[in-house]
Amino acid sequence: MTRTAFFISDGTGITAESLGRSLLAQFENVEIRMVTKPYIDSVEKAENLVEVINGTAVHDGEKPIIIDTIVDTRIRDVIRQAEGFKVDIFSTFLEPLEQELSTRSSYSVGRTHAIGTDEVYMDRIHSVHFALDNDDGARTHQYDKADVILVGVSRCGKTPTSLYLALQFGIRAANYPLTEDDLDEDGTLKLPKALAPHRHKLFGLTIDPRRLAAIRHERRPNSRYSSMDQCMQEVEQAESLYRQLHVPCIDTTRFSVEEISTRMIAEMGLTRRFSPR
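The text that follows walks through the structure, step by step, so that each part is easy to find. (Residues numbered from 1 in each chain as written. Predicted model: local features only at pLDDT ≥ 70, side-chain atom pairs only at ≥ 80, totals over all residues. Heavy atoms only, no water.)

**Describing the packing of helix 6 (residues 158–169) against helix 9 (residues 257–268)**
Where helix 6 contacts helix 9, the two axes come as close as 9 Å, and the packing angle between them is 70 degrees. The orientation of helix 6 with respect to helix 9, classified from their angle, is roughly perpendicular. Contacts from Pro-160, Thr-161, Tyr-164, Leu-165 and Phe-169 of helix 6 reach helix 9 at Val-257, Glu-258, Ile-260, Ser-261, Thr-262, Met-264 and Ile-265. Of the residues assigned to the contact of helix 6 with helix 9, the class counts are eight nonpolar, three polar and one charged. (Axes fitted to C-alpha atoms, helices over the stretch in contact; angles between N-to-C directions. Helix = DSSP H or I, 4+ residues; strand = E, 2+ residues; numbered from the N terminus. Parallel < 35°, antiparallel > 145°, perpendicular 65-115°, else oblique. Contact = heavy atoms within 4.5 Å. Nonpolar A, V, L, I, M, F, W, Y, C, P; charged D, E, K, R; others polar.)

**Describing the environment of Leu-178**
When you line up the elements, Leu-178 lands in the loop between strand 6 (173–177) and strand 7 (202–206). Taking the relative accessible area as the measure of exposure, Leu-178 reaches 4% and is therefore buried. In sequence terms Leu-178 and Ile-32 are 146 residues apart; their C-alpha atoms lie 40 Å from each other. Apart from residues lying up to four places away in sequence, Leu-178 is in contact with Val-151, Gly-152, Val-153, Leu-189, Pro-192, Ala-238, Leu-241 and Tyr-242. (Buried < 20%, exposed > 50% of the residue type's maximum accessible area, 1.4 Å probe, protein only.)

**Focus on the pattern of salt bridges**
Tallied over the entire structure, the rule returns nine salt bridges. When the shortest N-O distance is used, the salt bridge between Arg-80 and Asp-77 registers 2.5 Å. Taking the relative accessible area as the measure of exposure, Arg-80 reaches 42% and is therefore partly exposed. For Arg-216, the salt bridge goes to Glu-234, with nearest N and O atoms at 2.8 Å. (Salt bridge = Lys/Arg side-chain N within 4 Å of Asp/Glu carboxyl O.)

**Remarks on the nonpolar core**
With 38 residues, the main nonpolar core has Val-148, Ile-149, Val-151, Leu-165, Leu-205 and Met-264 as its most contacted residues. If we ignore the near neighbours within four places in the chain, the residues touching Leu-205 are Leu-150, Val-151, Gly-152, Cys-156, Gly-157, Lys-158, Thr-161, Tyr-242, Ile-250, Thr-252, Ile-260 and Met-264. Counting 14 residues, the second-largest nonpolar core is a separate cluster that includes Phe-6, Ile-8, Ile-70 and Ile-79. (Core = buried A, V, L, I, M, F, W, Y, C linked by side-chain atoms within 4.5 Å.)

**As for the sheet that holds strand 4 (residues 85–88)**
The four strands are arranged 2-1-3-4 in an open sheet whose pairing can be described as parallel. This sheet does not close on itself; its edge strands, each paired only once, are strand 2 (31–37) and strand 4. Adjacent strand axes in the sheet meet at a mean angle of 20 degrees, parallel and antiparallel pairs treated alike. Along the sheet, helix 1 (residues 14–24) contacts strand 1 (2–8), strand 2 and strand 3 (65–68); its crossing angle with strand 1, the most-contacted strand, is approximately 155 degrees. Running over the sheet, helix 2 (residues 43–60) touches strand 1, strand 2 and strand 3 and is turned about 170 degrees from strand 1. (Pairing = 2+ DSSP bridges.)

**A look at the state of the cysteines**
On inspection of all chains with the given rule, the structure shows zero disulfides. Unpaired in terms of disulfides, Cys-156 finds its nearest cysteine sulfur in Cys-249, a separation of 11 Å. Looking at Cys-156, the relative accessible area reads 3%, which means it is buried. Lacking any disulfide linkage, Cys-231 is separated from the closest cysteine sulfur, that of Cys-156, by 11 Å. (Disulfide = S-S within 2.5 Å.)

What follows is the structure, given as structure tokens:
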């Protein structure tokens, strides 16, 4: 079975899409074609979109699913005319909240993803800059300012996780790659000198060697770097170091960057400087 889902918003569409994807992910036996329509902020745009939705209903032979976060009641009234199964997030949740709080909602477009206070915005910018400046061991003299230092072999997910932590939570994350340069004479991976004073900030990432080889093959095909033997050796050495030093770690193979980040925050007891957008 294939169905089309429209995520509609008069803002960025991030909220509608995030909630919609979370809900629809529960239906594994249904193939969903997802379409995001942001900035539907006029009656004319809404009317044009209704025509698209109705055309999709005819083409699919099934009603599209409509998940919207439209604030303007005039636009919502237009969307309601579409031939689809509608999940109106605001009317579903805001109206009961208004009753409980005994006050009316402001019904303001873009409140969730607005910049907010200058302090929060600047925290976000500084955290992202910190992640970029301290990516891949580029700089180590700022580690005293880091909230967490991600360590792991090349291409195990350190950079995207660091940036996500910065952008979503304002956490200042550095990351350091474990390489052959960190091997002892006997071939044992040792803790790099730059990390030694900051052991309490370390969090390890590991990954299935087969997945790692596939990722590296896209970057450097048929190289020693992407060979299965090399990937297995590096992962084994990294995991051995984590066990030896009691560094908390997570296997990134089957986790999204969102899951990796939230699990890390919980395990390390990191403080979020602001809530995710």
